[in-house]
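Overview (structure and organization)
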Amino acid sequence: MKPKTKKLLKELGLTAPSLLWLAVFFMLPTLIIFAISFKPSDPLGGVGQGWTLNTILALKNPNYPEIIWRTLWMSGLTTIITLVISVPVAYHIARAKPWKRDLLLLLTILPFWTSFLIRIFAWKSVLHPDGMLKKFLLFCNLISEDSLLLYRPGTVLLVMVYTELPFAILPLYAAVEKFDFSLIEAALDLGAGKLRAYANIFIPGIKSGLLSACLMVLIPSIGSYVIPDVVGGIDSMMVGNVIAQRTFVDRNLPHASALAAVMTIVMFLPLLYFLKGKKQEDGSATPAKEVV
Amino acid sequence: MRRSKFPAVLTWAVLFFFYLPIILLVLNSFNASRTGGSWGGFTLKWYAQLFSAREIWSALKNSLLVATVATCISTLLGTCAAIALHRYKGKIQNVHYCLVYVPLVVPEILLGISLLLFFVALRIELGIVTMIIAHATFCVSYVAMAVLSRLQDFDNTILEASRDLGASNWYTVRKILLPEILPGIVAGALLAFTLSIDDFVISFFVAGPGSTTLPIQIYSMIRRGSMPLINALSTILLAITFLIILVVQFIGKSQARQEKN
């Protein structure tokens, strides 16, 4: 055997297990979503015979544009709020003394290791009509007896920000830690205002961290299902809830599949944008280094 | 330069926000009042009720079984994937990298529904096996990334040197490569295990009769509204998680100290 073929065989031997596993159990099912969108449903809750366009046409359901729009603005707003909070927090953690930095990082990561469902449930019991927060707010005269804290779009937003914060803080922390703060001092020495120095130098300096934090928050938010399901109501349903409803309540798998196909397409747009941005950044980084 | 106090205040406010619901939940698990709005006195009765709930124990058993098998499969596959990705470059590895990376960013609900449709299309009965396959699939990527980050500074020429000096392939892997990446493998396996134990969305889609895992059980308890019981169960799970993290942190610290000495 030629050494080249031998090397290729070795590479394939090492690559094949994970490559085949992911091709069969990840890529193939993703493609199946698109295929089943063109299948009729069957009354037993399975997938019918033959091909049809009716499933796709059923997406014209008058409620859907509203739900899709809500999914987009809620995940967009979650991303913006999360990023606005995370940047100063990441800044503070990255600039703290080493022992304090380790402690703050640990405290940030710790809730992320606890069960996702439990954290959402904890909010449900805090915001419950008989819960502590309502009593406290009533005591402060901030709300009236009949106001509802649970089952509203604002509740879903609050809990989404709560669960996504660590995912934004960590990549931002990594970016801030690498940032060279003498650049800020230089800008200040050259007469820039503090605000201008941070807006024009610090924010572009942590751009890669901002981008990945954005992606880490936006994509799971678009796919949210448990949070609107547990703390949300009818007027805070998102696409994920409809997919689950079609799957478990109506047992109409092709319809759920068509919705999932739409979500896959919507989700790949920011992902492609991110990957493109990353490539451009890699491309522009080299000439900049040469200039320095 | 005078530093603004704002980031510090915000950081502590965020941490307070992180822990407030968790602390209230733990307190409420000892609260005799059912709704938790007021303090009805200290009690352990919810814990007592919890221990006699048989479906929780069988759900825990399923969770541990699924997590253990899925962790073994994904650790094996993920480690091979990371070594291949680090060692070889080219078209195959570009495709390979995409397949490993994309599941990390795809929302769980899409992984769940796509696997459900896949199993339905192939007429595979849903149950523990489909659950294990699903969990192993999303864990492979996390293990691969953990091992890959450990391999980042690893110099492949060391392996060639070892082979040039007459060591067999297997000996080289066992004596040089594995000890180097072992911390990455352990970290990846731990991550896979926690993700698997914690997973609800994907499990919910591919679960069949008799394969109820702990998160699915908790979800149905939330739906049915047995709040005090979930408080108690959550407190126990939180205590276990925090204990494990403390132990891992402690081991990490003492290891770092040893390496320094």
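Everything in this summary refers to the structure shown in the same document. Within each chain, residues carry numbers counting from 1 in the order of the written sequence. Chain A is the first chain written and ligand 1 is the first ligand written, with later ones labelled in order. Selection of residues for local features in this predicted model requires a pLDDT of at least 70, selection of side-chain atom pairs for listing and counting requires 80 or more, and totals for whole chains, interfaces and linings are taken over all residues. To obtain the side-chain values, all non-hydrogen atoms of the structure were used and water was disregarded.

Summing up its helical and strand segments, chain A has 13 helices and zero strands in all. Shown N-terminal to C-terminal, the secondary structure of chain A runs as helices and strands in the order α-α-α-α-α-α-α-α-α-α-α-α-α. Note on method: radius of gyration uses C-alpha positions; expected globular size equals 2.2 Å times residues raised to 0.38. In terms of overall dimensions, chain A is more spread out than a globule: its C-alpha atoms have a radius of gyration of 24 Å, far above the 19 Å expected for 292 residues. Taken along its principal axes, the extent of the C-alpha atoms in chain A is 80 × 75 × 35 Å. Out of the 292 residues belonging to chain A, those deemed buried represent 48%. Should any heavy atoms of two residues lie within 4.5 Å, those residues are considered in contact. Counted over contacts in chain A with a minimum sequence separation of 6, partners at least 24 positions apart contribute 67%. Surface accessibility in these figures is a Shrake-Rupley result with a 1.4 Å probe; residues are shielded only by whichever protein chains are displayed. For chain A, the exposed surface amounts to about 14,800 Å²; the carbon and sulfur share of it is 69%. Treating the 27 positive side-chain charges of chain A as one cloud and the 18 negative ones as another, the clouds have centres 8 Å apart. Helical segments are the DSSP runs of H or I of at least four residues, strand segments are the runs of E of at least two, and each set is numbered from the N terminus. Relative accessibility decides the category of a residue: with a 1.4 Å probe and only protein chains considered, values under 20% of the type maximum give buried, values over 50% give exposed, and everything between is partly exposed. Residues scored as positive are Lys and Arg, those scored as negative are Asp and Glu, and His as well as the terminal groups of each chain are ignored. In plain terms, the charge of a residue is placed at NZ if it is Lys, CZ if Arg, CG if Asp and CD if Glu.

In this text, buried Ala, Val, Leu, Ile, Met, Phe, Trp, Tyr and Cys residues form a nonpolar core when linked through side-chain atoms within 4.5 Å. Among the nonpolar cores identified, the biggest contains 158 residues, and Phe202, Ile206, Tyr225 and Ile243 of chain A together with Ile113 and Phe200 of chain B are the most heavily contacted of them. Segmentation into domains, and thus their bounds, comes from an automatic or database assignment. Both of domain 1 (55–212) and domain 2 (226–256) of chain B provide at least three residues apiece to this core. The contact partners of phenylalanine 200 of chain B, leaving out residues within four places of it in the chain, are Leu117, Tyr225 and Val226 of chain A together with Pro215, Ile216 and Tyr219 of chain B.

Looking now at the environment of leucine 77 of chain A. Residues and elements named next belong to chain A. The residue leucine 77 is located in helix α3 (residues 64–95) in this model. Residue leucine 77 is classed as partly exposed on the basis of its relative accessible area, which comes to 33%. With 144 residues separating them along the chain, leucine 77 and serine 221 place their C-alpha atoms 9.8 Å apart.

In this assembly, 83 residues from chain B lie in contact with 87 residues from chain A. Buried area is calculated as the accessible area (1.4 Å probe) missing from two parts once they are joined, with the contributions of both summed. Here chain B meets chain A over a buried area of about 7,900 Å², counting both sides, of which 80% is carbon and sulfur. A side-chain nitrogen of Lys or Arg and a carboxyl oxygen of Asp or Glu constitute a salt bridge if their distance falls within 4 Å. Linking chain B to chain A there are one salt bridge. Of the charged contacts in the structure, one is a salt bridge between arginine 223 of chain B and aspartate 229 of chain A, with a shortest N-O distance of 3.9 Å. In protein, a polar contact requires one atom able to donate a hydrogen and another able to accept it; more generally it is a pair of N or O atoms within 3.5 Å, and residues adjacent in sequence count only if both atoms are side-chain atoms. Between chain B and chain A we count 10 residue pairs in polar contact (both at pLDDT 80 or more) in total. Broken down by element, the side of chain B that touches chain A gets its largest block of residues, 16 residues, from helix α1 (residues 6–28) of chain B. Split into classes, the residues belonging to the side of chain B that touches chain A amount to 59 nonpolar, 17 polar and seven charged. Just so you know the grouping, Ala, Val, Leu, Ile, Met, Phe, Trp, Tyr, Cys and Pro go in nonpolar, Asp, Glu, Lys and Arg go in charged, and all remaining residues, Gly too, go in polar.

Attention now goes to the layout of surface pockets. Taken as a whole, the second largest pocket encloses approximately 620 Å³ of empty space. Throughout, the protein atoms alone are placed on a 1 Å grid, and a set of points is a cavity if a 1.4 Å probe fits but cannot get out or a pocket if it is open with protein on both sides within 12 Å along at least five of seven lines; lining residues have an atom within 4 Å of a point. Pro88, Tyr91 and Tyr198 of chain A together with Ser4 and Pro7 of chain B are, among the 22 residues lining the second largest pocket, the residues nearest its centre. Elements supplying a minimum of two residues to the lining of the second largest pocket: α3 and α9 (194–205) of chain A together with α1 of chain B. Here the lining of the second largest pocket is built from residues that sort into 14 nonpolar, two polar and six charged. Grid points are joined across faces, edges and corners, and a volume is the space filled by probe spheres set on the points.

A pair of Phe, Tyr and Trp rings is counted when the ring centres sit within 6.5 Å of each other, with Trp represented by its six-membered ring. The angle between the planes then sorts it: under 30 degrees is stacked, over 60 is edge-to-face, the rest tilted. The final tally for this structure, using the stated rule, is 24 aromatic pairs over all chains. Summarising the aromatic geometry, the rings of tyrosine 97 of chain B and tyrosine 101 of chain B are spaced 5.9 Å apart at their centres and angled 10 degrees between planes, so their arrangement reads as stacked. Pair noted here: tyrosine 97 of chain B and tyrosine 101 of chain B are both in helix α4 (residues 91–105), with a separation of four residues, about one helical turn. One aromatic cluster is present, built from ring pairs that chain together Tyr225 and Phe248 of chain A together with Phe200, Phe204, Phe205 and Tyr219 of chain B. In this analysis the charged atom, NZ for Lys or CZ for Arg, is taken to sit over a ring once it is within 6 Å of the ring centre and within 35 degrees of the ring normal. Between the NZ or CZ atom of lysine 39 of chain A and the centre of the ring of tryptophan 51 of chain A, over which it lies, the distance is 4.2 Å. In this structure, arginine 95 of chain A is placed above the aromatic ring of phenylalanine 181 of chain A, and the distance from its NZ or CZ to the ring centre is 3.8 Å.

The next thing to look at is the packing of helix α5 (residues 116–127) of chain A against helix α10 (residues 214–224) of chain B. Only C-alpha atoms enter the line fits that serve as axes; for helices the fit covers just the stretch in contact. Angles between N-to-C directions range over 0 to 180 degrees. Relative orientation of the contacting elements α5 of chain A and α10 of chain B amounts to 15 degrees, with a least axis distance of 11 Å. As far as their axial angle goes, α10 of chain B and α5 of chain A are roughly parallel. α5 of chain A and α10 of chain B meet at a crossing whose hand is left-handed. For the pair α5 of chain A and α10 of chain B, the contacting residues are Leu117, Phe121 and Lys124 of chain A in the first and Pro215, Ile218, Tyr219 and Ile222 of chain B in the second. Considering only residue class, the contact of α5 of chain A with α10 of chain B consists of six nonpolar, no polar and one charged. An angle below 35 degrees is read as roughly parallel, one above 145 as roughly antiparallel, one from 65 to 115 as roughly perpendicular, and any other as oblique. Crossing chirality is assigned from the near helix's rotation relative to the far helix, an anticlockwise turn below a right angle marking it left-handed and a clockwise turn marking it right-handed.

Scope: geometric values only; no functional claims are made or implied.
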